[in-house]
There are 2 protein chains.
Amino acid sequence: MYSVGKNKEKWLQDALELYQGRLSSQIKLKFIWSKNSNQLLKFLENEKKIICFDPVGFSFTSEKFSSYLFKALEEGGTQLALVIGEAQGLPEALKKHPAISLSKMVFTHQMARLIVAEQIYRALAIKEGLPYHLS
Amino acid sequence: MYSVGKNKEKWLQDALELYQGRLSSQIKLKFIWSKNSNQLLKFLENEKKIICFDPVGFSFTSEKFSSYLFKALEEGGTQLALVIGEAQGLPEALKKHPAISLSKMVFTHQMARLIVAEQIYRALAIKEGLPYHLS
């Protein structure tokens, strides 16, 4: 998961590690922070399949996100780059990639990262029919 | 802010306290957990103005949420009860109150609580024209 800016908050680090741990047996979730848009684009050069999160994207239910995510993972050869957009929007060069909207509301990058991590865990639970999603 | 279930996660407690602190000079944000729907309804008996968060509610932008929130606070005589719905939906008795949807996606109660806390802080920043909302 790529985003611009640093993670300075302890609670967020703890929460992200929690979901990394929960996913670890099946999905390796990595968080990569870039200093700015240029560095972000450089980091993404070698990524085959990219999905962006941006308020102007498509809004999915968790179920639709689950099927979309696993299809994209397959298309990416089990690797997938998820990009959290900045408040001022995505860099122009990323606009050709599909974009998903988490909400009409604006979230902080920190919150968006955490929500995406939880939705990935939920997507796995939906795919595998685990009770987590409805609890 | 009312919800059903306990908060057992340290990272969430830390994050909620962060927003409580940030809001404290202008808004006193209290988190109240009830054991079940019956206790929730009992707790709400003395509340004058109630707004629920539920996936089937209206979806607002952060700007619309800001104006809606401060209007509701006025109507409530500066007090407002925010209720986070459960995965299985809101108790029937609460369906007469206005409901706001954070996302088409399903979030955990924990995540919903944190998002609402952050949106309240954002709503205040929007109302006061503070740069937080666009940073």
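Residues numbered from 1 in each chain as written. Chains lettered and ligands numbered in written order. Predicted model: local features only at pLDDT ≥ 70, side-chain atom pairs only at ≥ 80, totals over all residues. Heavy atoms only, no water.

(A) Region of the structure containing the overall build of chain A. Scanning chain A from terminus to terminus reveals four helices and five strands. Counted from the first residue to the last, chain A has its helices and strands arranged as β-α-β-α-β-α-β-β-α. In terms of overall dimensions, chain A is globule-like: its C-alpha atoms have a radius of gyration of 14 Å, near the 14 Å expected for 135 residues. Along the first, second and third principal axes, the C-alpha set of chain A runs to 40 × 35 × 30 Å. For chain A, the residues scored as buried account for 52% of the 135 residues in total. In chain A, 81% of the contacts between residues at least 6 apart in sequence involve partners at least 24 apart. For chain A, the exposed area adds up to about 6900 Å²; of that, 53% sits on carbon and sulfur atoms. (Helix = DSSP H or I, 4+ residues; strand = E, 2+ residues; numbered from the N terminus. Rg over C-alpha atoms; globule rule 2.2 N^0.38 Å. Buried < 20%, exposed > 50% of the residue type's maximum accessible area, 1.4 Å probe, protein only. Contact = heavy atoms within 4.5 Å. Areas by Shrake-Rupley, 256 points an atom, 1.4 Å probe, with all protein chains shown as cover.)

(B) Seen up close, the pattern of salt bridges. All names here are of chain A. In the structure shown here, the tally under the stated rule is 12 salt bridges over all chains. A salt bridge links Lys 10 to Asp 14; the shortest N-O distance between them is 2.9 Å. Remark: Asp 14 and Lys 10 occur in helix H1 (residues 10-23); sequence separation between them is four residues, near one turn of the helix. As a salt-bridge pair, Glu 75 and Lys 49 come within 2.7 Å of each other at their nearest N and O atoms. Of this pair, Glu 75 sits in helix H3 (residues 62-75) while Lys 49 sits in the loop between helix H2 (37-44) and strand E3 (50-59); the two residues are 26 residues apart in sequence, bridging distant segments of the chain. (Salt bridge = Lys/Arg side-chain N within 4 Å of Asp/Glu carboxyl O.)

(C) Molecular detail of the packing of H1 of chain A against helix H4 (residues 109-128) of chain A. All names here are of chain A. The N-to-C vectors of H1 and H4 enclose an angle of 15 degrees; their axes lie 10 Å apart at closest approach. Viewed along their axes, H1 and H4 adopt a mutual orientation that is roughly parallel. The hand of the H1/H4 crossing is left-handed. Packed against H1, whose contacting residues are Trp 11, Leu 12, Ala 15, Leu 16, Tyr 19, Arg 22 and Leu 23, the element H4 presents Gln 110, Met 111, Arg 113, Leu 114, Ala 117, Glu 118, Ile 120, Tyr 121 and Leu 124 at the interface. For the contact of H1 with H4, the residue count by class is 12 nonpolar, one polar and three charged. (Axes fitted to C-alpha atoms, helices over the stretch in contact; angles between N-to-C directions. Parallel < 35°, antiparallel > 145°, perpendicular 65-115°, else oblique. Left-handed = near helix turned anticlockwise from the far one by under 90°. Nonpolar A, V, L, I, M, F, W, Y, C, P; charged D, E, K, R; others polar.)

(D) Local environment of the interface of chain A and chain B. Chain A puts 31 residues into the contact, and the matching count from chain B is 31 residues. When the two sides are added together, the surface that chain A and chain B hide from each other amounts to roughly 2500 Å², 65% of it contributed by carbon and sulfur. Taken together, the links from chain A to chain B amount to zero salt bridges. Secondary-structure elements contributing two or more residues to the side of chain A that touches chain B are H1, H3 and H4 of chain A. (Buried area = accessible area lost by both parts, 1.4 Å probe.)

(E) Spatial organisation of the relation of the copies chain A and chain B. Between the two copies, chain A and chain B, the superposition gives an RMSD of 0.0 Å; the rotation angle is 180 degrees and the shift along the axis is 0.0 Å. Such values leave the two copies arranged in the relation of a two-fold axis. (Least-squares fit on C-alpha atoms with pLDDT ≥ 70 in both.)

(F) Just the pairing of strand E4 (residues 81-84) of chain A, in detail. All names here are of chain A. Alternating positions in E4 separate into two faces, Ala 81 and Val 83 on one and Leu 82 and Ile 84 on the other, with burial throughout. Examined bridge by bridge, E3 and E4 share four bridges and lie parallel to one another. What sits directly across from Phe 53, in E4, is Ile 84. For the segment spanning E3, H3 and E4, crossover handedness is right-handed. (Pairing = 2+ DSSP bridges. Right-handed = clockwise from strand over helix to strand, strands pointing away.)

(G) Molecular detail of the packing of aromatic side chains. Under the definition given, this model contains 11 aromatic pairs over all chains. Look at Trp 11 of chain A and Trp 11 of chain B: their rings are 6.4 Å apart centre to centre, the planes differ by 20 degrees, and that puts the pair in the stacked class. One end of the pair, Trp 11 of chain A, is in helix H1; the other, Trp 11 of chain B, is in helix H1 (residues 10-23), on a second chain. What makes Trp 11 of chain A buried here is its relative accessible area of 4%. Among the aromatic residues, those joined into a cluster by ring pairs are Tyr 19, Tyr 121 and Tyr 132 of chain A. Directly above the aromatic system of Phe 70 of chain A lies the positively charged group of Lys 127 of chain A, at a separation of 4.7 Å from the ring centroid. (Phe/Tyr/Trp six-rings, centres within 6.5 Å; stacked < 30°, edge-to-face > 60°. Lys NZ or Arg CZ within 6 Å of the ring centre and 35° of its normal.)

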